[in-house]
Amino acid sequence: MSFVKLTASAIAITAVCATAASARDQVQVAGSSTVLPYASIVAEAFGENFDFPTPVVESGGSSAGLKRFCEGVGENTIDIANASRKIKDKEVAACAEAGVTDIIEVRIGYDGIVFASQIDGPAYSAFTPSDLFNALAPKVMVDGALVDNPYTQWSEFNADLPSEDILAFIPGTKHGTREVFEEKVIAAGCEATGAFDAMIAGGMDEGDAEDACLLVRTDGKSVDIDGDYTETLASISSNANAIGVFGLAFYENNTDTLKTATMSGVEATTESIASGDYPVSRPLYFYIKAAHIGVIPGVKDFAEFFVSDDMAGPDGPLAEYGLVSDPALADTQAAVADEATMN
């Protein structure tokens, strides 16, 4: 990602588009349920320590937040979108079509995705991407052939897993966590089991095979959760044999009710994520509508406070909640200070 500094003329042009925004004096943020607790912590501290109202922070998922972000410029649109993935090219294009042409990308740190179950439930202690693919894919490899998934229990394809009915609560498609789950777990499992090669051998082109690898079964064994992690937690609480997909920070604040499994032999910790050893980790972001800086009071102040050493540094409250501090945080701080937009 390259950056260019927003020029004074560009600020003037975009500010004209948002003149009505001056009627609102409260920063508005929406998006990722993974970033939500971090943004809420910062918003509360911001309201207590600055002469601005406490920002309004809403959830809804990365895709939903970015969709709202790209609705246009002005007081009726949000100022910042939280995301547990990078903004997509098609989202940047949609923003531009609606007049949102200057976007500041801010990486706040890193998080891991964990696979958790009831603390007193079955002994789900170790998973691999192949296990999750075999459990959740509609077609899997059996005796060298790609067939409709016959598995109903975890032990049927891995004797080290419990003889429990398969049930997984996974993020819905509007969540950034879903995309990371698909890319780093399901797609990896598709390739590791030989299913991807079998699809190619069966006549699919590479693109179609990649798409097919990401499909999940629709027989009730895999359940999409469109709400936030609290909904997943409630589903786990009601189903003793189930596993759920969570962000590490959410899990670490619910260790009294949940336990996690390793992934490919690595436990998810802030240390294993920071070192890159844990295979299912991702950077977290928020995106600022540059046209609202200087128009909506406090937008830049909030962004700078969010990525300050006091908040996002290794000894700050976000790290205490589970965020893995970004080694390049100083570069991010400089980019925000310079209002450096995506090019």
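Structure: above.
Residues numbered from 1 in each chain as written. Predicted model: local features only at pLDDT ≥ 70, side-chain atom pairs only at ≥ 80, totals over all residues. Heavy atoms only, no water.

Novice: Would you explain the state of the cysteines in this entry?
Specialist: What we call a disulfide is simply a covalent bond connecting the sulfur atoms of a pair of cysteines. Per the stated rule, a full pass over the model turns up two disulfides. Two residues, C70 and C95, share a disulfide whose sulfurs are 1.9 Å apart. When the S-S torsion is -70°, as for the bridge of C70 with C95, the disulfide is left-handed. Note that C70 is positioned in the loop between helix 3 (62-69) and strand 4 (80-83) and C95 in helix 4 (residues 89-97), a separation of 25 residues in sequence. Neither C70 nor C95 differs from the other in exposure class; each is buried. Note on cysteine connectivity: C190 is disulfide-linked to C213, with sulfurs 2.0 Å apart. Across the S-S bond linking C190 and C213, the dihedral sits near -55°, which makes this disulfide left-handed. With a gap of 23 residues between them, C190 in helix 6 (residues 176-192) and C213 in helix 8 (residues 206-213) connect regions that are remote in the sequence. Across the pair, exposure class does not vary: C190 and C213 are buried alike. (Disulfide = S-S within 2.5 Å. Helix = DSSP H or I, 4+ residues; strand = E, 2+ residues; numbered from the N terminus. Buried < 20%, exposed > 50% of the residue type's maximum accessible area, 1.4 Å probe, protein only.)

Novice: Is there a simple way to explain the pattern of salt bridges in this structure?
Specialist: Pairs can form between side chains of opposite charge whenever their charged atoms are close. Under the counting rule described, the total for this entry stands at 13 salt bridges. The closest approach of N and O atoms between R85 and E179, which form a salt bridge, is 3.1 Å. Here R85, found in the loop between strand 4 and helix 4, pairs with E179, found in helix 6; they are 94 residues apart in sequence, far enough to count as distant. Overall, E179 belongs to the partly exposed group, its relative accessible area being 23%. Here E182 makes a salt bridge to R178, at a shortest N to O gap of 3.1 Å. (Salt bridge = Lys/Arg side-chain N within 4 Å of Asp/Glu carboxyl O.)

Novice: Is there a simple way to explain the packing of helix 5 (residues 129-136) against helix 6 in this structure?
Specialist: Geometry of a packed helix pair, given as the angle between the helix axes and the separation of the axes. In the contact formed by helix 5 and helix 6, the axes pass within 7 Å of each other and the chain directions differ by 85°. Judged by the inter-axis angle, helix 5 sits roughly perpendicular to helix 6. For the pair formed by helix 5 and helix 6, the contact residues are P129, S130, L132, F133 and L136 on the first element and F181, K184, V185, I186, A188, G189, C190 and A192 on the second. Of the residues that constitute the contact of helix 5 with helix 6, the class distribution is ten nonpolar, two polar and one charged. (Axes fitted to C-alpha atoms, helices over the stretch in contact; angles between N-to-C directions. Parallel < 35°, antiparallel > 145°, perpendicular 65-115°, else oblique. Contact = heavy atoms within 4.5 Å. Nonpolar A, V, L, I, M, F, W, Y, C, P; charged D, E, K, R; others polar.)

Novice: Explanation requested: the side chain of E182 in the structure shown.
Specialist: By the secondary structure assignment, E182 is in helix 6. Beyond its immediate sequence surroundings of up to four residues, E182 is in contact with A187 and L214.

Novice: Got a minute to help me understand unusual backbone geometry in this structure?
Specialist: Excluding glycine, a negative phi dihedral is what most residues carry, and trans is how most peptide bonds are arranged. The phi dihedral of S264 is positive, around 55°, even though this residue is not glycine. For E339, which is not a glycine, the phi torsion comes out positive at approximately 55°. Classification of E339 as buried rests on a relative accessible area of 13%.

Novice: Could you clarify how one ought to interpret a negative patch on the surface in this entry?
Specialist: Together, D205, E206, D208, E210 and D211 line one region of the surface with negative charge. Relative to the helices and strands, D208 is located in helix 8. (Patch = residues over 30% accessible without salt bridge, like charges linked within 9 Å, V, L, I, M, F, W, Y side chains within 5 Å. Areas by Shrake-Rupley, 256 points an atom, 1.4 Å probe, with all protein chains shown as cover. Lys, Arg positive; Asp, Glu negative; His and termini not counted. Charge placed at Lys NZ, Arg CZ, Asp CG, Glu CD.)

Novice: What am I meant to see in empty space enclosed by the protein here?
Specialist: Unfilled space is identified by rolling a water-sized probe across the atoms. Counted under the stated rule, the structure contains one cavity of 30 Å³ or more. In this structure, the largest cavity occupies an estimated 60 Å³ of space. Around the largest cavity sit S33, P171, H175, T177, I225, G227, D228, Y229 and T232, which together line it. Residues that form the lining of the largest cavity fall into these classes: three nonpolar, five polar and one charged. (1 Å grid on protein atoms, 1.4 Å probe; cavity = no way out; pocket = protein on both sides within 12 Å on 5 of 7 lines; lining within 4 Å. Points joined across faces, edges and corners; volume = space filled by probe spheres on them.)

Novice: How should the packing of aromatic side chains be read in this particular structure?
Specialist: Here the distance between the centres and the angle between the planes together describe a pair of aromatic rings. This structure, assessed with the given rule, holds 18 aromatic pairs. Between Y285 and Y287, the aromatic rings sit 6.0 Å apart at their centres with planes inclined by 25°, giving stacked as the arrangement. The pair Y285 / Y287 is uniform in exposure class, with both members buried. Three or more aromatic residues joined by ring pairs make a cluster, and in this case those are F46, F50, F52, F286, F302, F305 and F306. Here the basic side chain of K289 rests over the ring of F69, its NZ or CZ set 5.1 Å away from the ring centre. (Phe/Tyr/Trp six-rings, centres within 6.5 Å; stacked < 30°, edge-to-face > 60°. Lys NZ or Arg CZ within 6 Å of the ring centre and 35° of its normal.)

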